Amino acid sequence: MKPSFVLALILAGCQGAKPPVDTNKESIGRFRISRPPALAVAYRMQSIYGVDVWSATEKQTPWSQRLADLGLSIKSRPALGSGIEGVWYKVGEDLLIDANKGKVWAHRGAPEGKEAGAEELVRDVINSYREGARNGFSIGPGAIVIETSLSETTRLQMANETIEVEFSTRTVQEPDTRKFMDAGDERDFAALAGGSVTVLREGERTVAGMTGHEMWLQISTPKTGQHTRYTWHFPGEPRSAGRPSVTLLAKTAAAPAVLQPVWETILSSIEMISVD
Amino acid sequence: MSNAGNPLVKKHDVDWNKVDEYKTGLSTKLRHEFEVRREAIPLVFVPGIMGSHLRRPGLPPDGKTDGLPNLRWSTDTGWVLSNLILADSDGPRRRALLVGSPRQTFNPDYLEVDEATPPGDGFQGIMKDYQEFLNKLREYKEWGELDKYFVFPVYAVGYNWTDDVLRGGKYLAKKIDTIIEEAKGVTGLCEKVILISHSMGGLICRSASELAGSRSKIAGIVHGVQPVNGSPAAYWRVKAGFEGGLLDILVRRALGSDGTRVTPVLGNIPGGLTLLPNKNYLTNNKEVGWLKITGSAKPIAPLPKKDPYQEIYREKARPKPDLGEAPSNNAYWGLIDPDLLNPDNAVVPGGNRRDRINADLNDPWPAYLRSLDKAESLHDLLSPSQGPLQHPQTFAVSGTGHDTAHVVELAIESNWVRSDSYPSKGFRGFFNDANGDRMQAVLQEPTGEGDGTVPLSSAEAVNVKGRPDPQDKSFAAEHQGAYGNDFGIVQEWAIDAIKTMAKHRYHEQRKGAAAK
């Protein structure tokens, strides 16, 4: 055992309760997935009750800077209470609110005259944030622990120089049974560019109790070379925050062999977070 | 002026249209040589919808912001393969690319043309497929006698096709000024351009000419497959997605293959709504009503009776009746299903108190109406009831031989099993009849003469009898590729039209010279 690792274990023991951190796990919305170490998080978005909510990273603009950036577009600064700072501003025809409390940020829009409703949702969502919470609507380092919503969406993009992966979810009123990959359509397009399409895999696949449609396509065109795309799509259950429509998409311009282990790691790792 | 070569010779430049003017004050001790300066008439190509590459302003086109590429629309194969695969180009993503996040509504400043800096000939900003024709124009040598008086530099002007045509026309007007100045800088003489339009570009050109004050700077406009009074195909596609052959694949990729994918895009951009039939639209059979509901026991009069905006576009589409609603009164034929306008911000009925507040705040209908108002204003200005405004020197070509929606038919039949309103490339409106029986109105495939998108009646709405050769013409051409090499006859016709306009310019100037 390396001395540094022993030291880390000792330190962890001294601190007592904290479990070892799995740096490869990403929690988003009602799901937890493994992120292969080779991929970095490129973008993430979470929305509940129509409120975009996120936890600040090092790249986050400070609140004071945000206010300075908004400048003359600021319309008012609502009193949101509980240490929440907020600002209404206009972009084009849109009336938007940004709010911040500690590490948590929120954003949404509202028609003029209906600002109070938006402020209530923003306040409730921010105040429901629990740092380190394992259950609830995850935004990364913590979760919004609040009654489930019929309007929840998430999007997580992970990438390196050759691979892009996107995991996205959306609550649905009816199962989203549309095709998310169509070999015929892809063939038509490839033919237009003088290329061809090979279906590498197509079928049903059950992950975390969700049976979705999986498809792997390889597209080659003379100009752009080879593109490989994998998709898996679960249509979702009506009005269910815990079983929304889920889409996993991975693509690369490198060989399929590069994509496959990444795909398997992520797809097989999907687990649901308890909504309670 | 220069006499560097020979002290006894003085050289002068004279504009071709001023050779008849007397020159006074010349020294008789020198030999004077006059070089006739030709006039530049820039040929400015204005593409159709989706023919211009668009980017987020102020950001590097090869980067990403908010999880989306800064280059928001391109027709390059590599971009399409990376960004418009079906899986990641569903309705919400398409809307996000062109309109912004679910919290945003249409903002004309959200996108700009991805042109070079400085723009140069403008080719970077437009679809590469157009360049077959533009390069042919650039290399064209058969101008004959016109070559003595004119040069024809070739430009392209891309524009933000998501925006309304009125603003697009003003944008083009400014570009015309810039191009004239630039050409003047090169040749010394340039006063007017000739515009060549494809599809929606025709509306932009007419808007620049007739509404934005550019008419006097335009020698003429060559229109290709212009939806002068709109096209029912725009309605058909909002309901059912984009169909068609190989050349339409790109369009299908961009705008969607079913109503759930098309509505979040076309329903949120004024530019898309401008392609709908306007109040002057007539079918190929000269009828006002282009939306026909057939198969009903009781005859239903075609819509619109007068105003498609009030009777169809402002009617909220409800593709299914409410539970227990019999007979139902749901306007399944309305253009836009509000539930599809902003899918990531969709109102889901019921839920808890916060869900109900959220639903109350999320109505996308007002933003749609704002975009629709812009389209209607443009239509009313550009196509008043007495007929479409157009430049006096106009030629128009229309395409034929392709099934085209000059009318849209919804055929009523009994429904026992169907429940999906938006199958791929189809639409079904469900309702309960007076007897309480379940019925469906099924969207029928387009039939009618046209180029596959624009019916003949609309493309020919600017035609005028008695125009000089090559006259307004129809050819067996398809909409998207009308100027492509597959339709060399259209290219030849366009070049002939340009020659006629240049000749007109010659006579206009000579007449002026003679009068002096």
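Look up a bit, the structure's there.
Just so you know, these numbers come straight off a predicted model, no measurement behind them.

Caption draft 1: Expanded view of the overall build of chain A. Across its full length, chain A carries five helices and 18 strands. C-alpha atoms of chain A, sized along the principal axes, occupy 60 × 60 × 35 Å. Here chain A holds 276 residues, and 49% of them are scored as buried. The long-range share in chain A, meaning contacts at least 24 apart out of those at least 6 apart in sequence, stands at 55%. Total accessible area on chain A is roughly 12500 Å²; 53% of this is exposed by carbon and sulfur atoms. For chain A, the distance from the average site of its 31 positive side-chain charges to the average site of its 33 negative ones is 4 Å.

Caption draft 2: Layout of the interface of chain B and chain A. Counting residues at the interface gives 48 residues for chain B and 55 residues for chain A. Approximately 4600 Å² of surface area, both sides summed, lies buried where chain B meets chain A, with 50% of it carried by carbon and sulfur atoms. Inspection of the region where chain B meets chain A yields eight salt bridges. The salt bridge involving R354 of chain B is made with D124 of chain A; its shortest N-O contact spans 2.8 Å. Connecting chain B to chain A are 15 residue pairs in polar contact (both at pLDDT 80 or more). Listed by contribution, the elements that provide at least two residues to the side of chain B that touches chain A are α1 (77-83), α2 (91-98), α7 (249-255), α8 (259-266) and α12 (353-361) of chain B.

Caption draft 3: Examining the pattern of salt bridges more closely. Taken as a whole, this structure holds 52 salt bridges over all chains when the rule is applied. Here K114 of chain A and D360 of chain B are joined by a salt bridge, their closest N and O atoms 2.9 Å apart. Here K114 of chain A is found in the loop between β8 (104-109) and α3 (115-127), whereas its partner D360 of chain B is found in helix α12 on a different chain. Here E39 of chain B ties to R505 of chain B by a salt bridge, and the two come within 2.8 Å at their closest N and O atoms. Taken together, the residues E39 of chain B in strand β3 (residues 39-40) and R505 of chain B in helix α15 (residues 488-515) connect sequence positions 466 residues apart. Residue E39 of chain B is classed as buried on the basis of its relative accessible area, which comes to 0%. A network of salt bridges, in which partner residues are shared, links E39, E191, K192, R505 and E508 of chain B.

Caption draft 4: Main features of the packing of α2 of chain B against α8 of chain B. Residues and elements named next belong to chain B. Running from N to C, α2 and α8 point in directions that differ by 20°, and their axes come no closer than 8 Å. If you check the angle between α2 and α8, you find them roughly parallel. Regarding α2 and α8, the two cross each other, and that crossing is right-handed. For the pair α2 and α8, the contacting residues are G91, R94, R95 and L98 in the first and T260, R261, P264 and V265 in the second. Residue classes in the contact of α2 with α8 are distributed as three nonpolar, two polar and three charged.

Caption draft 5: Molecular detail of the pairing of strand β18 (residues 438-443) of chain B. Residues and elements named next belong to chain B. Among the six residues in β18, five count as buried, and that is most of the element. Pairing of strand β16 (residues 408-414) with β18, which is carried by five bridges, proceeds in the antiparallel orientation. Bridge pairing in β18 links S414 to M439. In terms of strand pairing, strand β17 (residues 428-432) meets β18 through five bridges, oriented antiparallel. When the bridges of β18 are listed, F430 appears paired with Q440.

Caption draft 6: Structural detail: the environment of E164 of chain A. Topologically, E164 of chain A is positioned in strand β13 (residues 163-170). Judged by relative accessible area, E164 of chain A falls into the partly exposed class, the value being 32%. Sequence spacing of E164 of chain A and A42 of chain A is 122 residues, and the spatial spacing of their C-alpha atoms is 9.1 Å. A distance of 2.9 Å separates a polar atom in the side chain of E164 of chain A from a polar atom in the side chain of K64 of chain B.

Caption draft 7: Structural context of the packing of α3 of chain A against α12 of chain B. α12 of chain B packs onto α3 of chain A with a crossing angle of 135° between their chain directions and a minimal axis gap of 9 Å. Considering their axes alone, α3 of chain A and α12 of chain B lie oblique with respect to each other. Considering only the axes of α3 of chain A and α12 of chain B, their crossing is left-handed. Packed against α3 of chain A, whose contacting residues are G117, A118, E120, L121 and D124 of chain A, the element α12 of chain B presents R353, R354, I357, N358 and L361 of chain B at the interface. Tallied by class, residues from the contact of α3 of chain A with α12 of chain B come to four nonpolar, two polar and four charged.

Caption draft 8: Molecular detail of the side chain of N342 of chain B. All names here are of chain B. Along the chain, N342 turns up in the loop between α11 (338-341) and α12. N342 sits in the buried class, given a relative accessible area of 8%. Excluding anything up to four places from it in sequence, N342 contacts R95, P102 and P364.

Calculation notes
- Residues numbered from 1 in each chain as written.
- Chains lettered and ligands numbered in written order.
- Predicted model: local features only at pLDDT ≥ 70, side-chain atom pairs only at ≥ 80, totals over all residues.
- Heavy atoms only, no water.
- Helix = DSSP H or I, 4+ residues; strand = E, 2+ residues; numbered from the N terminus.
- Buried < 20%, exposed > 50% of the residue type's maximum accessible area, 1.4 Å probe, protein only.
- Contact = heavy atoms within 4.5 Å.
- Areas by Shrake-Rupley, 256 points an atom, 1.4 Å probe, with all protein chains shown as cover.
- Lys, Arg positive; Asp, Glu negative; His and termini not counted.
- Charge placed at Lys NZ, Arg CZ, Asp CG, Glu CD.
- Buried area = accessible area lost by both parts, 1.4 Å probe.
- Salt bridge = Lys/Arg side-chain N within 4 Å of Asp/Glu carboxyl O.
- Polar contact = N/O pair within 3.5 Å; in protein donor to acceptor, adjacent residues only side chain to side chain.
- Axes fitted to C-alpha atoms, helices over the stretch in contact; angles between N-to-C directions.
- Parallel < 35°, antiparallel > 145°, perpendicular 65-115°, else oblique.
- Left-handed = near helix turned anticlockwise from the far one by under 90°.
- Nonpolar A, V, L, I, M, F, W, Y, C, P; charged D, E, K, R; others polar.
- Pairing = 2+ DSSP bridges.

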